[in-house]
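Single-letter residue listing:
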Amino acid sequence: MEEKFAHPELRTPENLVYKRTDFLVDRPLSYCPGCGHGVVHRMLMEVVEDKGIGSITIGISPVGCSVLAYDFLNVDMLGAAHGRAPALATAIKRLWPNRYVFTYQGDGDLAAIGTAETIHACNRGENFTIIFINNGIYGMTGGQMAPTTLPGMRTSTCPYGRDVGIMGHPMKITELIAQLPGTYYVTRQAVHTPAAVRKTKKALRKAIDCQDLGKGIGFVEVVSNCNSGWKMTPVQANQWMEEHMFPKYPLGDIKVDGELVK
Amino acid sequence: MGELRLMKGNEAIAEAAIRVGCDGYFGYPITPQSEVMEYLMAEKPYETTGMVVLQAESEVAAINMLYGGAGTGKMVMTSSSSPGISLMQEGISYLAGTQLPALIVNIVRGGPGLGTIQPSQADYFQAVKGGGHGDYYTIVYAPASVQEMADFVKLGFDAAFHYRTPVLILSDGAIGQMMEKVYLPDPIPRRTEEEVISQCPWASTGKPPTREHHIMTSLDLDPAGQERLNLLLQEKYRVIEEKEVLYEKIDCDDAEYVFVAFGLSARICQKAVHLAREQGIKVGLFRPITLFPFPKKPLQELGKKVKGMLVVEMNAGQMIEDVILSVGFQIPIKHYGRFGGIIPTPDEVFRMLKEKIIGG
Ligand SMILES: Cc1ncc(C[n+]2csc(CCOP(=O)(O)OP(=O)(O)O)c2C)c(N)n1
Ligand code: SF4
């Protein structure tokens, strides 16, 4: 492999304080700079590494910007049709009960076209993990309205802002599925600050650990920016997210050990 | 050894699935095929062979459950009837594009729309010409008896895994519902996880440190890559056309006229052949068993020997296009069809043969 460091002699075990997990493929991410997808990928794969389950993990990527997650996550993967990841995961976990199975989905994928699959997998109490990236917009197709788009927020299919009288209200699907007896751990996190990233990693670990208990779905929503879709710089986007997204989508645990906490 | 049983076509499919060591069935109720899942739920194979049986929230979910299971090398199947199979088309296209093995049973009812719950053969085009988006085919078996309903489950899974492609059983409400004697072979044990991994080295089963990670997808944004995939698929379909053609010829050796019919229509035409022979008219029956690959060559050969063909289908004229493409225009080829769940009688099709082909 090509040596990328100016001083390879400094790269000794005692100097090594941090390394990229081997469960991320060594290639440039396809995401926009500042996008949350890449951070969540890393946290998820660190959890897989920490837990030592890389060889028994099967992941499912959605249709959306993270369709190419399978190119970056160094575990066996399947790419689902738009919205159907929970159906794939349902079958895989039932056919391979000793594997750790996760879906990774955007808001259009999970809360619009795939609403039925999401709700029914949660209601059946399937034993896999759902990672839900809520950026309030359709990133991949160029910034159209999502089920999670905020009232008044402009997108390419609501160029004058989301008019809830015509287009309906933003959907809080995470609160919705938390009501179902089949979900065991439901939380909403973010990855815009180091502290938030650490919390998200803990949440991902807890959600994956749910699969050891066999008591139902572990569900982690990550409120994330789509700076390209929102037409902002990454810094502006994170600020806007704190000011506008968090009031509607407050961070924190919603259901823990099968009990609603909020 | 095996055993003989009196069963409905739908039940025979379910029992055959358990006996071939199927790993998972995912479905959604719809008449006239609900007995498949009902039979499986009553038999509880999850307690005996370990086969998963799950009622999905929709046919869309069911076919994507198949996609998930198939992508991990498991032997998975679903069954439905026409409207449900329409809903599955995106998923079937994904299975074809990702080159995944799966068995899909369509117990056809009359359409379009909600149509009727009565038997029909109107889904021929959908089954045989691809069905979903993109350039692909599924192998299509058309059973004409309860015995073949059972037999084609094994045949279908074998072909699906050999070619890594979705396979369809195209039957209809009458064969699904009717009871006949059926011979069931001894059960084959389900494959162990180790066997699945060694038989499906391409599948996403969990990445050991010793190999690259596997990705099951039909996506390739690079046009050259996507064209390569398409060429590969077309190459596979040519091999299938070469090797997998199945058909049956009844009384064709000395025939001057033949019926061409599949599935239930073939059963009716077989009776009509007897009626004709009783009157001293030399009539035969050509029955395609695989609809894709279509038995082009044997039909072409037959076309050189007979004076005319009547294609009998419970639709407005679908397979007749493939018959004409195979035989050409040298002899008269006419169609007779009934729709909406009406099943033609042997007398009726014999009369039509006389009117449209022999008399004309
Ligand atoms: C059946 C189907 N309908 C529509 C599309 C087009 N499509 C691709 S991605 C996408 C939206 C993705 O948005 P989201 O899930 O929010 O993910 P993001 O890109 O924002 O991460 C749509 C509508 C498709 N691929 N398949
Ligand atoms: S378009 Fe949005 S969601 Fe997609 S990579 Fe860019 S910032 Fe991320």
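Residues numbered from 1 in each chain as written. Chains lettered and ligands numbered in written order. Predicted model: local features only at pLDDT ≥ 70, side-chain atom pairs only at ≥ 80, totals over all residues. Heavy atoms only, no water.

## Some points on the packing of aromatic side chains
Stage number 1. Evaluation of the coordinates by the stated rule reveals 11 aromatic pairs over all chains.
Stage number 2. Within the aromatic cluster, the residues linked to one another by ring pairs are Tyr124(B), Phe125(B) and Phe262(B).
Stage number 3. A cation over an aromatic ring shows up here: Lys74(B) above the ring of Trp96(A), its NZ or CZ 4.5 Å from the ring centre. (Phe/Tyr/Trp six-rings, centres within 6.5 Å; stacked < 30°, edge-to-face > 60°. Lys NZ or Arg CZ within 6 Å of the ring centre and 35° of its normal.)

## Thoughts on the sheet that holds strand E2 (residues 76-79) of chain A
Stage number 1. Strand order in the open sheet formed by 9 strands is E10(A)-E9(A)-E7(A)-E8(A)-E4(A)-E3(A)-E1(A)-E2(A)-E9(B), and the pairing between neighbours is mixed. For this open sheet the edge positions go to strand E10 (259-260) of chain A together with strand E9 (215-216) of chain B, each flanked by a neighbour on one side alone.
Stage number 2. Across 5 bridges, the pairing between strand E3 (residues 100-106) of chain A and strand E4 (residues 129-134) of chain A is parallel. The residue of E4(A) that forms the bridge with Gly106(A) is Ile133(A). (Pairing = 2+ DSSP bridges. Helix = DSSP H or I, 4+ residues; strand = E, 2+ residues; numbered from the N terminus.)

## Describing the domain arrangement of chain B
All names here are of chain B.
Stage number 1. One can read the domain layout of chain B as domain 1 (3-200 + 234-238) and domain 2 (247-358).
Stage number 2. Inter-centroid distance (C-alpha atoms) of domain 1 to domain 2 is 27 Å.
Stage number 3. Counting residues at the interface gives 29 residues for domain 1 and 25 residues for domain 2.
Stage number 4. Surface buried jointly by domain 1 and domain 2 totals about 2,100 Å² across both partners, of which 59% is contributed by carbon and sulfur atoms.
Stage number 5. Put simply, domain 1 and domain 2 have 3 salt bridges between them.
Stage number 6. Between Glu 180 and Arg 267 there is a salt bridge whose closest N-O contact spans 2.5 Å.
Stage number 7. Counting across the interface, domain 1 meets domain 2 through 15 residue pairs in polar contact (both at pLDDT 80 or more).
Stage number 8. Those elements that place two or more of their residues in the side of domain 1 that touches domain 2 are helix H7 (124-128), strand E6 (139-141), helix H8 (146-163), strand E7 (166-172) and helix H9 (173-177). (Domains from an automatic or database assignment. Contact = heavy atoms within 4.5 Å. Buried area = accessible area lost by both parts, 1.4 Å probe. Salt bridge = Lys/Arg side-chain N within 4 Å of Asp/Glu carboxyl O. Polar contact = N/O pair within 3.5 Å; in protein donor to acceptor, adjacent residues only side chain to side chain.)

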